[in-house]
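Coordinate inspection notes
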Number of protein chains: 2
Amino acid sequence: MANKLRIIPLGGLGEVGKNMMVLEYGKNIILIDAGIMFPENDMLGIDFIIPDFNYLMDKKDIVRGIILTHGHEDHVGALPYVLQEIKAPIYATKLTRGLAEVKLKENHLLDEAELNTIQAGDNIALGPFRIEFFHVCHSIPDGVGLAIETPVGLVVHSGDFKFDYTPVDGKPPDFAKLAELEGRGILVLLSDSTNAERPGFTSSERVIDDAFDQVFQKAKGRIIVGTFASLISRIQQVVNAAVRHERKVAITGYSMVENVRMAQELGYLSIPPGVLINSDDIDKLPRHKVVIIATGTQGEPSSALARMSIGRHRRIKVVSDDTIVISAHAIPGNEEMINRTINRLFQQGADVVYEKIAPVHVSGHGSQEDQKLLFSLTKPKYFVPIHGELRHLTMHARTAQEMGIPASNTLVVENGYILEFDGESGQIGERVPGGYVYVDGSGVGDVGPAVMRDREILASAGFVVAVIRLDEKTGQAAGRPEIISRGFVYMRDSAELIERAQDKLLEVLEKSGRGRAGIGDKVRDELGKLFYEETKRRPMIMPVILEV
Amino acid sequence: MANKLRIIPLGGLGEVGKNMMVLEYGKNIILIDAGIMFPENDMLGIDFIIPDFNYLMDKKDIVRGIILTHGHEDHVGALPYVLQEIKAPIYATKLTRGLAEVKLKENHLLDEAELNTIQAGDNIALGPFRIEFFHVCHSIPDGVGLAIETPVGLVVHSGDFKFDYTPVDGKPPDFAKLAELEGRGILVLLSDSTNAERPGFTSSERVIDDAFDQVFQKAKGRIIVGTFASLISRIQQVVNAAVRHERKVAITGYSMVENVRMAQELGYLSIPPGVLINSDDIDKLPRHKVVIIATGTQGEPSSALARMSIGRHRRIKVVSDDTIVISAHAIPGNEEMINRTINRLFQQGADVVYEKIAPVHVSGHGSQEDQKLLFSLTKPKYFVPIHGELRHLTMHARTAQEMGIPASNTLVVENGYILEFDGESGQIGERVPGGYVYVDGSGVGDVGPAVMRDREILASAGFVVAVIRLDEKTGQAAGRPEIISRGFVYMRDSAELIERAQDKLLEVLEKSGRGRAGIGDKVRDELGKLFYEETKRRPMIMPVILEV
């Protein structure tokens, strides 16, 4: 093992290597990114998911550094959890560092963290790894790809990227660096697969400017733009459009305000003086002079847009000359909530402009032709598709093969698999145990399959508690059992069913005689049968047996 | 009211008029369609939704007939529920009737139903309504639109439609009839808005043939095609491709087998002798000679495809030379489950072909240009967009206005609103109370907001039952309270938390002295606070107080 490079994407069944990747050589590890995943609809009660980094727990001391490719949540959001266990220095560009600091501050971990600012073009050495950062275009400024010289060869990590020739921040992709890396010979390319299903090139962020201009020209009243708090480039574009159309901009929502403040301080957002207004002052201006930037593009019930859509926003009441722009994509699983928000905003009388009907959003990830261009520029010996579900990785691998990379050198793995490279060959090794770690409230990892399964049953048919008192002398029922239930049937209309359940319980108790043994199971069986027959539902049944 | 025509789409916040529409004139009602809706992800435990037809309950006797436009679930699935209350004759084309009969038979209602077969071109009179059926193209054969002569004018209902010049069943749209209706002067057009967000024309079903040919040419082993059991045209296309490529076809799944048998009997599916094989015989043929048609395109956990994807299908074990074709679209809200199924099928080593990467599905609903063509052909005075959420209706209304229908004559309403027409004008009236009726197991409408809210709380953080025994003489705690919980924390690792909760309970009891009054609320408050502080979760708390 000493002379092999290990590359391990950590996490569960979701996007591979998106949230955290391990590079290991001998007694040296570097981590790439520390992000969170959003729960799927059937992960009940879960706030978010962090990668399971149990693999690192007995290797904490050999983690030489944590490298962040860019500042989005799915790449930096798990830092507070990782830093509690692993005290390694962090390397990030200025904006990425700023966003990470906002996160660490919220968790009172900023003082403990060792943060280092790097920039594209820089070079750092961490153990046997020499890491060079190169600029990539994405929907946030200051994203980097990584060129990592390892003892077995050069590893290139694309970060999240697309080839944007006219990016909002004026910094195009670094073709010269990619060409230079190709000249040195690339052993492995790890590259972003998010849009591997999409033919063509991804459009430049610049196309949004035209879409915004159209919206701004037509809008008679306020314009409310919903986007992600970390989409700094998009916020810049809204500000630019506001300036072009002589409107003032109000920012709402804590994370949005914080990020804008920070990005401005660091020089990543350029807002002319006098353009920003306090969101308390919105109503002091004529409606056609106002743009509001808000969060809530995923229809999250507590978000600004969702609250506006049901008329429950503290400050902003949607009226019929408002124009609402949803400038973001749907994270899979959120479509229903987003559609519902759009419907409700229409219901409030507003005009709603969204991705399906106007190009007010473009993806930050390269499509098949971007991916082919990267293969053409880098000509790697091995290719590992990352940042995607298995279906994306599979498509990306097919593209790689079209581009001449042999199938045997295209390594498609799920999270947890160890990829091993010596100077000669690369192969897929064992799988590291682990997967998701659920974060629910303040609990990290304590909600596992058992609790989740219970929540599923409760969600689908509620519960019934049967409180049975047994006379401790006779072993017989002392009074009629009590039935408590929620989420199963509407109790007020179910007196008859409950009575029948009580009768059934008395019958069970009588039959089972004196002994308490096995009564719980019998109660569960018999009540379960009764309820299923009567309602075709299967509530969770909990007998409580008390001797009195 | 006697001289006004009322048109009322029934249902909740979802697609307007999709599941049921009421036409009322004086003491006469006809119903158009009787379909179900699938629950959204946050409608916990709900099997499906039927329209709330409470409006009809004191008008049962004046319902002259139920007209079905085509045989899909969202248009006929609620028939068993409607027929239990409203004994009206049903009018449907042969295939639609066949599919409705399958449904009624399952519910033992076939004998009671009065079913009448009509065909495109037929004319029936129901009270003051004269209804003419005309052929429309959709993803199922035998769909019809309706031309309804009413005392106030001609109402045209498009049904679900697209303009398909090369339909699978060889029956193109009936342009002559639409032209003739236009000549008579159309008062109101009610038309399908499903794809109102999509520019262009919807492709012909025929494009799928080419996509299937490509898949069939490339496939080395079995081909497994997933589709909806009611997509009869698609099943025909799979059979045709199988015949062209010399493969045999096995049908799996009860509803699929039933529908195929019925459609064959009625002459809507043409399968050459010897092509169909029993699904028990799949393994007797070489793999490259087999096509399997299965359900499960929405990732439903109990479906054939989902079971195959996790290796739990009784008969069919996915192997690496299998090709799996998902020939259906994602119903919004199902994307996550579908993606998961696709990922897992890739994981099993199969090749998976789906809408995003190949044209193996096309929509059955017209896009903006189809919609414009219908406006051009029909030139209605009033337009009511139906079959869509508010966002679709709004887009469709915009298209109508582009086509010259005045905004004042474009009536966009949600379900429940009464549209009133006299000979002169049309307007939006009051809203009929009602919305969704949830079907959960054998319960119809008994699960309402209260039960749903409880399920939400239970889903997100489970429950805690605190069983407190009070000495009936002293009013003091008789022993330590018992704490029972599921879905909240992992109980085995939470002994300390539970003990603290018991201590807290004893403290509450001591403070509150003898009286039982208000103890329940105090217990709820104090335990709620404790649990939130410790876990940042809010389980449902149920005190059970017993005097012993």
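Sequence order as written defines the numbering, with residues in each chain counted from 1. Going through the entries in the order they are written, you letter the chains from A and number the ligands from 1. Thresholds applied to this predicted model are a pLDDT of at least 70 for local features of residues and 80 or more for the giving and counting of side-chain atom pairs; totals over whole chains, interfaces and linings are not thresholded and use all residues. The side-chain quantities take in all heavy atoms of the structure and omit both hydrogens and water.

1. Re the relation of the copies chain B and chain A
One copy of the chain maps onto the second through a rotation about an axis and a displacement along it. What counts here: Each copy is superposed on the other by least squares, with the fit set by C-alpha atoms of residues at a pLDDT of at least 70 in both. Here, two residues are considered to be in contact whenever any of their heavy atoms come within 4.5 Å of each other.
Take chain B, turn it by 180 degrees, move it 0.0 Å along the axis, and it overlays chain A with an RMSD of 0.0 Å. Read as a symmetry element, the transformation amounts to a two-fold axis. Within chain B, Ala459 of chain B has its C-alpha nearest the rotation axis, a separation of 2.3 Å. Same-surface contact between copies: 100% of interface residues of chain B are shared with the interface of chain A.

2. With respect to the packing of aromatic side chains
All names here are of chain A. How we decide: A pair of Phe, Tyr and Trp rings is counted when the ring centres sit within 6.5 Å of each other, with Trp represented by its six-membered ring. The angle between the planes then sorts it: under 30 degrees is stacked, over 60 is edge-to-face, the rest tilted. For helices the rule is a DSSP run of H or I covering at least 4 residues; for strands it is a run of E covering at least 2, with both sets numbered from the N terminus onward. Accessibility here uses a 1.4 Å probe with only protein chains present; expressed as a share of the type maximum, an area under 20% marks a residue as buried, one over 50% as exposed, and anything in between as partly exposed.
A complete count under the given rule lists 21 aromatic pairs over all chains for this structure. Between the aromatic rings of Phe48 and Tyr81, the centroid separation amounts to 5.9 Å while the plane-to-plane angle is 65 degrees, which identifies the pairing as edge-to-face. Of this pair, Phe48 sits in strand S4 (residues 48–51) while Tyr81 sits in helix H2 (residues 79–85), and the two are 33 residues apart along the sequence. Summarising the burial analysis for this pair, Phe48 and Tyr81 share the class buried. With a centroid separation of 6.3 Å and 40 degrees between ring planes, the pair formed by Phe212 and Phe216 is classed as tilted. Highlighted residues: Phe212 and Phe216, both in helix H5 (residues 207–218), separated by four residues, approximately one helical turn.

3. A look at helix H13 (residues 495–512) of chain A
All names here are of chain A. The test is simple: Helix span, as expected, comes to 1.5 Å for every residue beyond the first. The arc refers to the directions leading from the helix axis to the C-beta atoms.
The terminal C-alpha atoms of H13 lie 26 Å apart, and with 18 residues this matches the ideal 26 Å at 1.5 Å per residue to within 8%. Taken residue by residue, H13 has Leu497, Ile498, Ala501, Gln502, Leu505, Val508, Leu509 and Ser512 as its buried positions. Here the buried residues of H13 occupy an arc of 140 degrees about the axis, which is enough to place them on one side. In H13, the exposed positions that point more than 90 degrees away from the buried face belong to Glu496, Glu510 and Lys511.

4. Re the domain arrangement of chain A
All names here are of chain A. Keep this limit in mind: Where each domain begins and ends follows an automated or database-derived domain assignment. Summed over both partners, the accessible surface that disappears when two parts come together, traced with a 1.4 Å probe, is what is meant by buried area. The rule for a salt bridge is simple: a side-chain nitrogen of Lys or Arg has to be within 4 Å of a carboxyl oxygen of Asp or Glu. Nitrogen and oxygen atoms within 3.5 Å of one another constitute a polar contact, given that in protein one can donate a hydrogen and the other can accept it, and given that sequence-neighbouring residues count only through two side-chain atoms. Any residue outside Ala, Val, Leu, Ile, Met, Phe, Trp, Tyr, Cys, Pro, Asp, Glu, Lys and Arg is labelled polar, Gly included; the first ten of those are nonpolar and the last four are charged.
We note that the domain assignment places domain 1 (5–200 + 363–440), domain 2 (207–353) and domain 3 (449–547) within chain A. Spacing between the C-alpha centres of domain 1 and domain 2 amounts to 31 Å. Each partner contributes to the interface: domain 1 provides 14 residues, whereas domain 2 provides 15 residues. Contact between domain 1 and domain 2 buries roughly 1,400 Å² in total, counting both sides, with carbon and sulfur atoms accounting for 68%. Where domain 1 touches domain 2, the interface holds zero salt bridges. Remark: the boundary between domain 1 and domain 2 carries three residue pairs in polar contact (both at pLDDT 80 or more). Here the side of domain 1 that touches domain 2 is built from residues that sort into seven nonpolar, four polar and three charged.

5. Comments concerning the interface of chain B and chain A
Counting residues at the interface gives 68 residues for chain B, matched by 68 residues for chain A. Surface buried jointly by chain B and chain A totals about 5,700 Å² across both partners, of which 55% is contributed by carbon and sulfur atoms. Of all residues in chain B, Glu336, Arg391 and Arg537 of chain B bury the most surface against chain A, accounting for 11% of the area lost on that side. Counting the contacts that link chain B with chain A gives twelve salt bridges. Here Arg340 of chain A ties to Glu40 of chain B by a salt bridge, and the two come within 2.5 Å at their closest N and O atoms. Inspection of the region where chain B meets chain A yields 31 residue pairs in polar contact (both at pLDDT 80 or more).

6. Description of the sheet that holds strand S17 (residues 323–326) of chain B
Residue and element names in this part refer to chain B. Keep this limit in mind: One requirement defines pairing of two strands: DSSP has to find at least two bridges between them. To obtain each axis, a line is fitted to C-alpha atoms, and for helices this fit is confined to the stretch in contact; angles are then taken between N-to-C directions over 0 to 180 degrees.
Judged by pairing direction, the sheet is parallel, and its six strands sit side by side in the order S15-S14-S16-S13-S17-S18 without closing on themselves. Lying at the two open borders of the sheet, with one neighbouring strand each, are strand S15 (276–277) and strand S18 (351–354). Looking at chain direction, strand S14 (residues 248–251) and S15 are connected through two bridges and run parallel. Its bridge partner lying in S15, Val249 is registered against Leu276. Across the sheet, helix H6 (residues 232–244) touches strand S13 (223–226), S14 and strand S16 (290–294), and the angle it forms with S16 is around 175 degrees. Contacts between helix H9 (residues 335–347) and the sheet are confined to S17 and S18, with S18 contributing the most and set at about 150 degrees to the helix.

7. So, the packing of helix H10 (residues 368–378) of chain B against helix H11 (residues 390–402) of chain B
Residues and elements named next belong to chain B. Test applied: To sort the angles, those under 35 degrees are grouped as roughly parallel, those over 145 as roughly antiparallel, those from 65 to 115 as roughly perpendicular, and the leftovers as oblique. It is the rotation of the near helix from the far one that decides the hand of a crossing: anticlockwise by less than a right angle makes it left-handed, clockwise makes it right-handed.
At a minimum axis distance of 10 Å, the contact between H10 and H11 shows a crossing angle of 50 degrees. If you check the angle between H10 and H11, you find them oblique. In terms of crossing hand, the pair formed by H10 and H11 is right-handed. Contacts between H10 and H11 involve Gln368, Gln371, Lys372 and Phe375 on the former and, on the latter, His396, Thr399, Ala400 and Glu402. Its residues assigned to classes, the contact of H10 with H11 shows two nonpolar, four polar and two charged.

8. Focus on the confidence of the model for chain A
What counts here: pLDDT is defined as a per-residue confidence score from the predictor, taking values between 0 and 100.
Across chain A, the average pLDDT comes to 94, with 99% of residues at 70 or higher. Overall fold confidence for the complex sits at a pTM of 0.92, while the interface term, ipTM, reaches 0.90.

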